[in-house]
Amino acid sequence: MQWETVIGLEVHLQLATVSKIFSGSATTFGAEPNTQASAVDLAMPGMLPVLNEQAVHFAVLFGLGIGAEIGMRSVFDRKNYFYPDLPKGYQISQFQHPIVGTGTFEIQLEDGSTRDIGITRAHLEEDAGKSLHEDFHGQTGIDLNRAGTPLLEIVSEPDLRSAAEAVAYLKAMHSLVTYLGISDGNMAEGSMRCDINISLRPVGTETLGTRAEIKNVNSFRFVEKAIHHEFARQADILEDGGKIVQETRLYDADKDETRSMRSKEVANDYRYFPEPDLLPIVIEDDYVEALRQQLPELPVQKRHRFVEQYALGNYDANVLASSRELADYFEAVVAGCGDAKIAANWVQGDLLGQLNRSELSLGASPVSAEALAGLITRILDNSISGKIAKQVFEAMWQGEGSADEVIAARGLQQVSDSGELESMVDEVIAGSAAQVEQYLAADEGKRKKLVGYFVGQVMKLSKGQANPKMVNELLAKKLS
Amino acid sequence: MHNKSVAQLIAGLRAKHFSSVELTRCFLDRIGSLDPQLNSFISVTEDTALAAAAAADQRLADGTAAELTGVPIAHKDIFCTQGIRTSCGSRMLDNFVPPYDATLIKRFDELGAITLGKTNMDEFAMGSSNENSYYGPVRNPWNTDLVPGGSSGGSAAAVAALLAPAATGTDTGGSIRQPAAFCGITGLKPTYGRVSRLGMVAFASSLDQAGPMAHTAEDCALLLNAMAGHDPLDSTSSPEPTQDYTAQLDNKLDGLRIGLPSEYFGDGLDAATGERIDAALQQLEAQGATLVEVSLPNSQLTIPTYYVIAPAEASTNLSRFDGVRYGHRCTDPVDLHDLYTRTRGEGFGDEVKRRILVGTYALSAGYYDAYYKKAQQVRRLIQQDFMRCFEQVDVIAGPTTPGPAFSLGAKSDDPVAMYLEDVYTLAVNLAGLPGMSVPAGFVDDKPVGLQLIGQHFDEARLLNVAHQYQQVSDWHLRQPAAMTGGAA
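Conventions adopted
Residues numbered from 1 in each chain as written. Chains lettered and ligands numbered in written order. Predicted model: local features only at pLDDT ≥ 70, side-chain atom pairs only at ≥ 80, totals over all residues. Heavy atoms only, no water. Pairing = 2+ DSSP bridges. Helix = DSSP H or I, 4+ residues; strand = E, 2+ residues; numbered from the N terminus. Core = buried A, V, L, I, M, F, W, Y, C linked by side-chain atoms within 4.5 Å. Buried < 20%, exposed > 50% of the residue type's maximum accessible area, 1.4 Å probe, protein only. Contact = heavy atoms within 4.5 Å. Buried area = accessible area lost by both parts, 1.4 Å probe. Salt bridge = Lys/Arg side-chain N within 4 Å of Asp/Glu carboxyl O. Polar contact = N/O pair within 3.5 Å; in protein donor to acceptor, adjacent residues only side chain to side chain. pLDDT = per-residue confidence, 0-100.

What to know about the sheet that holds strand β3 (residues 77–80) of chain A
Residue and element names in this part refer to chain A.
Thought 1: Read from one edge of the open sheet, 3 strands run β4-β3-β14, paired in antiparallel fashion. The sheet terminates laterally at β4 (90–93) and β14 (273–274), the two strands that pair on one side only.
Thought 2: Direction of pairing for β3 relative to β4: antiparallel, over a ladder of 4 bridges. Its bridge partner being in β4, Asp 77 is matched across the sheet by Ser 93.

Here we look at the nonpolar core
Thought 1: In terms of nonpolar packing, the biggest core is built from 142 residues, with Phe124(B), Phe386(B) and Leu463(B) touching the most fellow members.
Thought 2: Ranked by residues supplied to this core, first place goes to helix α9 (residues 302–317) of chain B with 8 residues.
Thought 3: Sequence-distant contacts of Leu463(B), that is, excluding residues within four places in its chain, are made with Leu188(B), Ala217(B), Cys220(B), Ala221(B), Leu224(B), Tyr245(B), Leu249(B) and Met436(B).
Thought 4: Counting 62 residues, the second largest nonpolar core, distinct from the first, contains Val60(A), Leu160(A), Ala172(A) and Tyr251(A).

A short note on the interface of chain A and chain B
Frequently, the measure chosen for interface size is the accessible area that the parts lose on association.
Thought 1: Contacts between the two partners involve 30 residues from chain A and, on the opposite side, 38 residues from chain B.
Thought 2: Summed over both partners, the interface of chain A with chain B comes to about 2700 Å²; 60% of that surface belongs to carbon and sulfur atoms.
Thought 3: Looking only at chain A, the three residues that lose the most surface to chain B are Pro45(A), Phe82(A) and Arg271(A), adding up to 23% of its buried area.
Thought 4: Run the count over chain A and chain B and you get 1 salt bridge.
Thought 5: The shortest N-O distance in the salt bridge between Asp277(A) and Arg197(B) comes to 3.0 Å.
Thought 6: Remark: the boundary between chain A and chain B carries 16 residue pairs in polar contact (both at pLDDT 80 or more).
Thought 7: Every element with two or more residues in the side of chain A that touches chain B is listed here: β3 and β14 of chain A.

Points about the confidence of the model for chain B
Keep in mind that low pLDDT regions are not for reading the predicted coordinates in detail.
Thought 1: Chain-level statistics for chain B give a pLDDT mean of 96 and a share of 99% at 70 or above.
Thought 2: Reported confidences for the modelled complex are a pTM of 0.91 and an ipTM of 0.96.

Next comes the structure, spelled out in structure tokens:
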């Protein structure tokens, strides 16, 4: 049978606040265990939570970013369960009245097509600490630095249909939240974690199948692999006439498999009820409007603008708009050189390639947008060929200066002097009697191919510096 | 010195009739000689008290004294005190020494009060007789066969026995007013949110409120001045401005309308206690007040409503006591489940366990709507009953308790009979209103308390009514015979 995959995602996004959601402790990643845990974070007797306004601000920005309803009166609830790294024995979360209601979110797939994915809700909550099972000789260590870090849990509708769509959704989400500046989106440090709800149904049917939830997947690649694995597992069961059990599963990246968590761990009754230590969050219209004014151009808007303004393809526009930094860089290159197409090729090709190879972020690039624009300008004014430009770019990357400095220092200026070029063309023709004979005997169509040989020889003789356009013109004249 | 009011002690210290060290020594000696009969203190902080008293004397000499400089008081052992064990009456916190002070403690420290020690209480403030303490029951100074009431029974007994001129207490369902009534002292539960809860070990977050316990309404006003105020670290503390709670004490009662809820004078009320309350009300009438019969029609729902909401909140507030970070931990746990079950099994007493079970049940899937959600709806009805009454009257009055103090052990095996003790006090917490208990006479040598209930943030008026009553009565000045001797 042909199966359709139905996927909904819950993204746990760490908000980039300076301090925790209910205490004044810092949220810096990687500090020594328990150095960022106050009496509130440790749930000492009599300690009380005080809401960090910045977390509300970020949550509302997110809501505006997906055009969602903002919960003008949202309520914190206690989610009760015992675990050693959950100091209070409950997590402060939002259950019935989340701060962000329904919205939609446009994603773009590899082929350039787009889809709208429904967002069910997003709510504020606090993170738990970490249990450390190594180095304690059979005991467990507790690090509460992360306890109380603000999270926005973003729940999608079951609108995704493949691993590729799930990954596109997460990439688009990553792009949105970093544009908004509400999270660093660092998946390796756990700033963006994901639970995957997945079920199968026969293609062409509407009823949802029974789902399994895969917990805590923390990279795009693992999301893809976990979904592929889970699809195969469920399809096997269904095709053997079995039934899917609704359960929580863990993805094991090392073994590339999902496995069931013990039912004891999942059969929790969380006994949600409104948190009596906090008042409801009441948001005024003015507050929302002020934040709306602050919204930057968002990735989707930018992508559409790039397509229109610069005549880029959907795919190129999506790549270039994926981060605010990259988009700004690209637009600075365009501003400096005036040619969006070539700028897009250089930014996506050479620049991103070099950054990847050197494992550098865009901010650390040795070649600035202005410098790259300077290089492209020299291609456009025929000072250098595209091929020479690659050499110049390498040299610029190594810190040898601006494009003009490199061209001058290395003598890479394109040869456009007609006398000089003519003598080189003559020399090549004189030394290629056989090829000339072949050329003269060929018809128009074949000649076009054969002329490449003579161009190549001239370029070789000029060490790549001959103006290819002029060489072509000269050859056409001399060989006719 | 030991039988003076706080107001008189402040004046005496300023007039140098005695020093703070002398005063503090006097109370410490009384505690040493009399408390073995009462068990009203869990910890006595003699050394730090005397050092603070010496510093206070210096400030009194320098002329840099604050409002309460040099005045000794006792704090209920529910308030976290930096460097001083804070047990909350529980084995769970028997070894717990907080690294911080409750906001209330900080305020008293800043105003110069001297902490004599930490008073006994029902474990985690759950109880109406002070028999639920890990440190043993407190006895009533008027008759040591009787309970002092609870949960602030240690504070009430210490003040009644003149072991401290005043004390702090907390009141979740009557825990200041009921022991104040049983011990013949004056106690005030302020409006919910008037006094910070930060650093006060939580029982039921939406009901808990700290307040003063003393001999006179004037002393309660002085203490409330120290305690009241917004705390940015307690999100439920009220930004409503405070006032000088002594300013209206001398107002006359002419034109005051006092509401008497018929439900508070019905079958459950002990006849002799009712007579004492009637006499006190007639006295107030004679002072110019008008008595108006009113009704709180949902009163019969108060106990079930309270005994869903309070245990529900308590069941999760007490989850943090898991043996992981502080407090009691069982020896050699074999795994996590063992750590939890033995730590909590050993650390909590029966009444605490009972309420955790009830509360957990009330919040469970499938029961939430029928219990917790329904109780919150009824809570609103109870609040509305009061709001309707306050359209007609300025304060509401009635008995604090159905009868006077009972014998130790009389109700300890019958939780429901014990819960009925709070029938007149619980609704005030559910509605978040201020309430007082004022000494109003004796039945068989056992004190009786008159309860006064005010509108939100109308503490000054309650204190005014109580103070005026105390100008023409002397019940609040009576002292238990067995306690008037000792070192003094």
